[in-house]
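Analysis of the macromolecular model
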Amino acid sequence: MQLLRPIIRAITMTSTTPQPADLVHAMPDPALVVDAQGVVTLANEQAIEVLEAAPVGRHLSATLRVPAVLEAIAAATAGEGGASVDYEVRVPVPRSFRAHVSCLGEGKGALVTLRDLTREQQIERMRADFVANASHELRTPLAALSGFLETIQGAAKADPKAQEKFLGLMKSQAERMRRLIDDLLSLSRIEMNEHVRPSGEVDLSQVAAHVRDVLSGMAREFDCTITVETDGPVVVAGSRDELVQVIQNLAENALKYGSSGKLVEIIVRRNGEWAEVSVRDHGPGIAEQHIPRLTERFYRVNVQDSRARGGTGLGLAIVKHIVNRHRGRLVITSELGNGSTFMMRLPVKG
Ligand code: ADP
């Protein structure tokens, strides 16, 4: 028995101590181990997926043709320490990675972990684009305001009639800036809360009737009628203010862009487990290629047309974020010449 003890201990150790392969397979990121010659000895599933080939038993250069990474591995296996290398692949789709090479001890090879940076870089690019777009959108009315001011102080100094005209134009530019700032603030507030599910109880039929009343003046201006059709109360879990904003933005768009159809219909229905609110106009409609992009910030089918109607290009981005926060979907259908329907689907409150 005394003699057997070390053997039993050895067996217990080998079965319970994690092996290098266990560690590599447990890593959440793509990871592989190469020996001192650069041949891959271990690779986890994620690495096989990223390299799109089974690399074990082959030199790493057969599956990862990035000279800088191979040089970092050669340096690490020679005992020169670890390094990080960023690289891009073009096929089958462009992606960016960061390879981190750690030395496993002189002559013992290296551990290579890969991190997919594609999404992070995309978000960073979108953020930079957004800041550039927002600044540009604000700079345009600001430049117009400065121009009108100069005219009032210069050429129109002694001309009260011209001054009156320029002051009117300045007012409309200042209003445009205010609308933009209001929309930017709305968007940022909603984005901040997007992961928090709203908790109130809202009857969408009542919200639709409220929006019709609020927009009755605007409808008259556009010589249009807004009708509301409902099945009675349709209740969802949500924020009333935000759902008013969704239906109001959609109905305002229907008036701004679709008033030639003379009729805007707001239809509230319960469809199984879903509450559906459709805002339908009979205007010119939207060409198919624009539909998937309408909810992008600052995307407009026609920028001049949108500006002339007081648009900021943020209305549908706000709608999309509110609908996401309510765990719903926005479905847009349109046909040129036949009007558009924007439908919000939300889970019914059980
Ligand atoms: P905007 O402030 O420009 O109205 P939105 O985000 O609300 O911004 O809408 C984006 C674009 O979608 C608009 O500029 C317009 O080109 C198009 N659009 C929105 N609603 C309609 C509609 N009912 N009919 C036709 N085009 C529409």
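Residues numbered from 1 in each chain as written. Predicted model: local features only at pLDDT ≥ 70, side-chain atom pairs only at ≥ 80, totals over all residues. Heavy atoms only, no water.

Turning our attention to helix H7 (residues 204-214). Of the residues making up H7, those classed as buried are Leu204, Ser205, Val207, Ala208 and Val211. End-on view of H7: buried residues confined to an arc of 160 degrees, all on one side of the axis. Between the side-chain oxygen at the start of H7 and the backbone nitrogen of Ser205 there is a gap of 3.0 Å, and the oxygen is on Asp203. (Buried < 20%, exposed > 50% of the residue type's maximum accessible area, 1.4 Å probe, protein only. Helix = DSSP H or I, 4+ residues; strand = E, 2+ residues; numbered from the N terminus. Arc of directions from axis to C-beta. Polar contact = N/O pair within 3.5 Å; in protein donor to acceptor, adjacent residues only side chain to side chain.)

Let's shift gears to the site of the ligand. With respect to spatial proximity, 19 residues lie near the ligand, and among them Tyr257, Ser306, Thr312, Gly313 and Leu316 are the closest. Val301 places a main-chain nitrogen or oxygen 3.2 Å from an oxygen atom of the ligand. At a separation of 2.6 Å, an oxygen atom of the ligand approaches a polar side-chain atom of Ser306. Protein contacts shield 96% of the accessible area of the ligand, which totals 530 Å² for the unbound molecule. (Near = heavy atom within 4 Å. Areas by Shrake-Rupley, 256 points an atom, 1.4 Å probe, with all protein chains shown as cover.)

Next up on the list: the pattern of salt bridges. Tallied over the full model, the rule gives 19 salt bridges. In this structure, Arg307 and Glu137 form a salt bridge, with 3.3 Å as the shortest nitrogen-oxygen distance. Residue Arg307 is found in helix H10 (residues 303-308), and its partner Glu137 is found in helix H5 (residues 118-153); the two are separated by 170 residues along the sequence. The class of Glu137 is buried, set by a relative accessible area of 7%. The partner of Glu276 in a salt bridge is Arg345, and the shortest N-O contact between them spans 3.0 Å. Separated by 69 residues along the polypeptide, Glu276 in strand E10 (residues 274-281) and Arg345 in strand E12 (residues 340-347) bring together distant segments of the chain. Taken together, the shared-partner salt bridges connect Glu137, Arg300 and Arg307 into one network. (Salt bridge = Lys/Arg side-chain N within 4 Å of Asp/Glu carboxyl O.)

Its place among the elements puts Thr295 in the loop between E10 and H10. A relative accessible area of 17% means that Thr295 is categorised as buried.

The subject of this paragraph is the layout of surface pockets. Looking at the largest pocket, its volume works out to about 1000 Å³. At the level of elements, helix H6 (160-193), helix H9 (240-258), H10, helix H11 (315-325) and E12 are the ones that each hand at least two residues to the lining of the largest pocket. Counting residues per element, the lining of the largest pocket draws most heavily on H9, at eight residues. Across the lining of the largest pocket, the residue classes break down as 13 nonpolar, 14 polar and ten charged. (1 Å grid on protein atoms, 1.4 Å probe; cavity = no way out; pocket = protein on both sides within 12 Å on 5 of 7 lines; lining within 4 Å. Points joined across faces, edges and corners; volume = space filled by probe spheres on them. Nonpolar A, V, L, I, M, F, W, Y, C, P; charged D, E, K, R; others polar.)

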